[in-house]
Amino acid sequence: MNSSTKSSILFSLGLILIIANVAQGHVKVTASLVPKLCESGLVEERAKCMDILRSNPKIQSAKTFRELSELILELAVNKATEGQKFLQTLAEKDKSPAIQECAGFDYNNAVVQFKGALRDLKEDTSAANYASKLVGDDVSRCHTILARAKIVNPAIDQLNSDISLLSNVAFAATSLIEKKYQIDLLLKD
């Protein structure tokens, strides 16, 4: 084997190792991943994605898509939990069955799904991805219930919008891990 062939093989192996490390989320990135995520085409509302993620310095400093996903899911758990408490307080004062259902059922599911996604992220990215997406259904259901009851509350509308956005962003972030994971699987064959 001549030196040209050896160099070509070493170069190819080096590229494979780099791609494999990127796929596993081990390669550190110097630029913020937030713009990459928000501009990936997977997020429905790019500007709002940038706003909600840039407000958190930890998220801004994430170095891998796995770390970014974890931080987004932590933010989502906190926001959904705060939202549920807000709705519970409002339901106690208002006594509206629609608000009680949003607080008790829809937002309980949202918190459980986000927590499950965070837990699953360590072992099963596909499950984390799916759970992140399901939260959007819970928020949509809450919105529909309130609309049917003719309840107009800008604070609840904003809450639903924020949690729906976080569901979409968490789904997008975990999708990027999934895509990188799939590339890694292809390289192993």
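Residues numbered from 1 in each chain as written. Predicted model: local features only at pLDDT ≥ 70, side-chain atom pairs only at ≥ 80, totals over all residues. Heavy atoms only, no water.

- The name given to the protein in an unreviewed UniProt entry is Pectinesterase inhibitor domain-containing protein, and the organism recorded there is Arachis hypogaea.

### A short note on the state of the cysteines
Next up, step 1: Across all of its chains, the model carries two disulfides by this definition.
Next up, step 2: The disulfide that involves cysteine 38 links it to cysteine 49, with 2.0 Å between the sulfurs. Between cysteine 38 and cysteine 49 the sulfur-sulfur dihedral comes to about -75 degrees; the bridge is accordingly left-handed. Of this pair, cysteine 38 sits in helix 2 (residues 34-38) while cysteine 49 sits in helix 3 (residues 46-54), and the two are 11 residues apart along the sequence. (Disulfide = S-S within 2.5 Å. Helix = DSSP H or I, 4+ residues; strand = E, 2+ residues; numbered from the N terminus.)

### Considerations on the packing of helix 5 (residues 65-94) against helix 6 (residues 97-120)
Next up, step 1: Contact geometry for helix 5 and helix 6: axes closest at 9 Å, N-to-C directions at 165 degrees. Taken together, the axes of helix 5 and helix 6 lie roughly antiparallel to each other. The chirality of how helix 5 crosses helix 6 is left-handed.
Next up, step 2: Grouping the amino acids of the contact of helix 5 with helix 6 by side-chain chemistry returns 15 nonpolar, six polar and four charged. (Axes fitted to C-alpha atoms, helices over the stretch in contact; angles between N-to-C directions. Parallel < 35°, antiparallel > 145°, perpendicular 65-115°, else oblique. Left-handed = near helix turned anticlockwise from the far one by under 90°. Nonpolar A, V, L, I, M, F, W, Y, C, P; charged D, E, K, R; others polar.)

### Re the environment of asparagine 78
Next up, step 1: With respect to the secondary-structure elements, asparagine 78 resides in helix 5.
Next up, step 2: Along the primary structure asparagine 78 and phenylalanine 114 are separated by 36 residues, whereas in three dimensions their C-alpha atoms are 9.3 Å apart.

### Details of the packing of aromatic side chains
Next up, step 1: A complete count under the given rule lists zero aromatic pairs for this structure.
Next up, step 2: Lying across the ring of phenylalanine 171, lysine 133 places its NZ or CZ 4.7 Å from the centre. (Phe/Tyr/Trp six-rings, centres within 6.5 Å; stacked < 30°, edge-to-face > 60°. Lys NZ or Arg CZ within 6 Å of the ring centre and 35° of its normal.)

### Some thoughts on the nonpolar core
Next up, step 1: Ranked by internal contacts, the top residues of the largest apolar core, which has 52 residues, are Leu37, Leu53, Leu68, Ile72, Phe114 and Ile163.
Next up, step 2: For this core, the elements supplying multiple residues, two or more each, are helix 2, helix 3, helix 5, helix 6, helix 7 (125-148) and helix 8 (154-188).
Next up, step 3: Among the elements that line this core, the one with the most residues is helix 5, at 12 residues.
Next up, step 4: Once you skip the residues sitting within four places of it in the chain, isoleucine 72 turns out to touch Leu37, Leu53, Ile59, Val169, Ala170 and Ala173. (Core = buried A, V, L, I, M, F, W, Y, C linked by side-chain atoms within 4.5 Å. Buried < 20%, exposed > 50% of the residue type's maximum accessible area, 1.4 Å probe, protein only. Contact = heavy atoms within 4.5 Å.)

### Regarding the side chain of asparagine 160
Next up, step 1: One can find asparagine 160 in helix 8.
Next up, step 2: Beyond its immediate chain neighbours, meaning those up to four positions away, asparagine 160 contacts Tyr107, Val139, Cys142, His143 and Leu146.

### A word on the environment of serine 164
Next up, step 1: Along the chain, the position of serine 164 falls in helix 8.
Next up, step 2: Overall, the relative accessible area of 31% leaves serine 164 in the partly exposed class.
Next up, step 3: Measuring from C-alpha to C-alpha, the distance between serine 164 and aspartate 138 comes to 8.8 Å, with 26 residues separating the pair along the chain.

### So, the packing of helix 6 against helix 7
Next up, step 1: Contact geometry of helix 6 with helix 7 gives a least axis separation of 8 Å together with a crossing angle of 170 degrees. As far as their axial angle goes, helix 7 and helix 6 are roughly antiparallel.
Next up, step 2: When the residues that make up the contact of helix 6 with helix 7 are grouped by side-chain class, the tally is 17 nonpolar, four polar and five charged.

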